[in-house]
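Coordinates in review
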Amino acid sequence: GAVVSQHPSRVICKSGTSVKIECRSLDFQATTMFWYRQFPKQSLMLMATSNEGSKATYEQGVEKDKFLINHASLTLSTLTVTSAHPEDSSFYICSARSLAGVQMEETQYFGPGTRLLVL
Amino acid sequence: GDSVTQMEGPVTLSEEAFLTINCTYTATGYPSLFWYVQYPGEGLQLLLKATKADDKGSNKGFEATYRKETTSFHLEKGSVQVSDSAVYFCALTNDYKLSFGAGTTVTVRA
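Residues numbered from 1 in each chain as written. Chains lettered and ligands numbered in written order. Predicted model: local features only at pLDDT ≥ 70, side-chain atom pairs only at ≥ 80, totals over all residues. Heavy atoms only, no water.

A word on the overall build of chain A
Short version of the rule: Secondary structure elements are taken from DSSP: a helix is a run of H or I of four residues or more, a strand is a run of E of two residues or more, and numbering for both begins at the N terminus. Exposure classes here rest on a 1.4 Å probe applied to the protein chains alone. A residue is buried below 20% of its type maximum, exposed above 50%, and partly exposed in between. What makes two residues a contact is simply this: any of their non-hydrogen atoms within 4.5 Å. Per-residue and other accessible areas follow the Shrake-Rupley method at a 1.4 Å probe size, with only the shown protein chains counted as cover for residues.
Helix and strand counts for chain A stand at zero helices and eleven strands. For chain A, the succession of helices and strands along the chain, N to C, is β-β-β-β-β-β-β-β-β-β-β. When its C-alpha atoms are laid out on the principal axes, chain A stretches across 45 × 25 × 25 Å. Out of the 119 residues belonging to chain A, those deemed buried represent 50%. Within chain A, residue pairs in contact and separated by at least 24 positions form 56% of the contacts whose partners lie at least 6 positions apart. Here chain A displays about 5900 Å² of accessible surface, and carbon together with sulfur accounts for 52% of that area.

A few points about the overall build of chain B
Worth spelling out the cut-off: Our radius of gyration is a C-alpha quantity, and the globule rule it is checked against amounts to 2.2 Å times the number of residues to the power 0.38. The convention is simple: Lys and Arg are positive, Asp and Glu are negative, and His and the chain ends are not counted. A single reference atom marks each charge: NZ on Lys, CZ on Arg, CG on Asp, CD on Glu.
From N to C terminus, chain B includes zero helices and twelve strands. Its helices and strands in sequence order give chain B the pattern β-β-β-β-β-β-β-β-β-β-β-β, from N to C terminus. Taken over the C-alpha trace, chain B has a radius of gyration of 13 Å; the compact-globule value for 110 residues is 13 Å, and the two agree within 12%. The dimensions of chain B, computed from C-alpha atoms along their principal axes, are 45 × 25 × 20 Å. In chain B, which comprises 110 residues, the proportion classed as buried is 45%. Counting contacts in chain B only where the partners sit at least 6 residues apart, residues at least 24 apart contribute 55% of the total. Carbon and sulfur atoms make up 47% of the accessible area of chain B, which totals about 5300 Å². Each charge class in chain B was averaged separately, 9 positive and 12 negative side chains, and the resulting centres sit 4 Å apart.

With respect to the sheet that holds strand E8 (residues 62-65) of chain B
Pairing between the strands of a sheet comes from backbone hydrogen bonds, and it takes one of two forms, parallel or antiparallel. Residue and element names in this part refer to chain B. This is how it is decided: Whether two strands pair depends on DSSP finding at least two bridges between them. Every axis in this analysis is a line fitted to C-alpha atoms, fitted for helices over the stretch in contact. Angles between the N-to-C directions lie between 0 and 180 degrees.
Ordered in space as E3-E9-E8-E7, the four strands form an open sheet in which the pairing is antiparallel. The two strands at the open ends of the sheet, each matched to only one other strand, are strand E3 (19-21) and strand E7 (56-59). Along the sheet, successive strands turn relative to each other by an average axial angle of 15°, direction set aside. With four bridges joining them, E7 and E8 adopt antiparallel strand pairing.

With respect to the state of the cysteines
Residues and elements named next belong to chain A. Applicable threshold: A pair of sulfur atoms, both from cysteines and within 2.5 Å, is called a disulfide here.
Evaluation of the coordinates by the stated rule reveals two disulfides over all chains. Residue pairing for Cys23: its cysteine sulfur links by disulfide to Cys94, the two sulfurs lying 2.0 Å apart. Classification of the bridge connecting Cys23 and Cys94 rests on its S-S torsion, roughly 80°, and on that basis the disulfide is right-handed. Here Cys94 lies in strand E9 (residues 90-100) and Cys23 lies in strand E3 (residues 19-25), a separation of 71 residues in the sequence. As far as the burial class goes, Cys23 and Cys94 line up, both buried.

Observations regarding the layout of surface pockets
Rules: A cavity here means a set of 1 Å grid points, computed over protein atoms only, where a 1.4 Å probe fits but cannot escape. A pocket is an open set with protein on both sides within 12 Å along at least 5 of 7 lines, and lining residues have an atom within 4 Å of a point. Grid points are joined across faces, edges and corners, and a volume is the space filled by probe spheres set on the points. Note that Gly is not counted as nonpolar here; it falls among the polar residues with everything else outside the nonpolar set of Ala, Val, Leu, Ile, Met, Phe, Trp, Tyr, Cys and Pro and the charged set of Asp, Glu, Lys and Arg.
In this structure, the largest pocket occupies an estimated 640 Å³ of space. Forming the walls of the largest pocket are 28 residues, and the residues nearest its centre are Gln38, Pro40, Lys41 and Gln42 of chain A together with Val87 of chain B. Secondary structure elements with two or more residues in the lining of the largest pocket: E9 and strand E11 (114-118) of chain A together with strand E10 (86-93) and strand E12 (104-109) of chain B. Per-element tally for the lining of the largest pocket: the top contributor is E10 of chain B, with three residues. The residue makeup of the lining of the largest pocket, split by class, is twelve nonpolar, twelve polar and four charged.

Focus: the environment of Leu79 of chain A
Residue and element names in this part refer to chain A. Residue placement: Leu79 occurs in strand E8 (residues 76-81). Judged by relative accessible area, which is 0%, Leu79 ranks as buried. Sequence separation between Leu79 and Arg24 is 55 residues, and the spatial gap between their C-alpha atoms is 12 Å. Excluding residues within four positions of it along the chain, Leu79 makes contact with Val19, Lys20, Ile21, Trp35, Phe67, Leu68, Ile69 and Tyr92.

Notes on the packing of aromatic side chains
Our working definition: Planes of paired rings set the category: under 30 degrees apart is stacked, over 60 is edge-to-face and the rest tilted, where pairs are Phe, Tyr or Trp rings (Trp by its six-membered ring) whose centres lie within 6.5 Å.
Throughout the structure, instances matching the rule amount to eleven aromatic pairs over all chains. Consider the rings of Phe110 of chain A and Phe100 of chain B, whose centres lie 6.0 Å apart with planes at 70°: the pair is edge-to-face. On the criterion of chain membership, the pair formed by Phe110 of chain A in strand E10 (residues 103-110) and Phe100 of chain B in strand E11 (residues 98-100) is interchain, its members lying in two chains. Both residues of the pair, Phe110 of chain A and Phe100 of chain B, count as buried. An angle of 40° between the planes, with centres 5.6 Å apart, marks the rings of Phe62 of chain B and Tyr88 of chain B as tilted. Pair noted here: Phe62 of chain B is in strand E8 and Tyr88 of chain B is in strand E10, with a separation of 26 residues, a long-range link.

Keep in mind that these numbers describe shape and distance, not what the molecule does.
Structure below.
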């Protein structure tokens, strides 16, 4: 149980285009999803927290107009990198917290990540 | 704010050696503690967790004990295998957010 998928796993795009990354919780409902960015050989940096049906909360320094997050259902959140540039190339990872009964679980379950390369 | 400090790597071991990765934390209140593992090219997988003082998390031969008096959550495995080669992240959660350590790269040689 507690499987999170991401699609696509890899994407290469031209500078100036937009890229959408999907994050799905496959066997549980996730009222809260998180988006992280990971640079090579570094830890994860939280970009934003996404709650179903409401606007995402962005961390300081993350441009909300560049990284659009939509959490349309309890099993799907999307991250759109708008007008991507080479410096946006990175490994993007989502995670989800499950709702177990009436209590939110603390454990976050991570997707396998999406490697974005902007040429 | 909350923070996690873990042992810098990289760590290189021979198969069947003993592995310890130190992790200490700073947090208000009573955080839950986690170890996540990231295999090459993959996302993070939860390895083990502990939610209160003196709890021991264990999985796949790995263990870590929540020590509130020393604010530590050191990861140990008695006999590592080549398949344990990965990056290990210590983390805590005290609210909605996870705070990660920098990660420790472990390489196990046959």
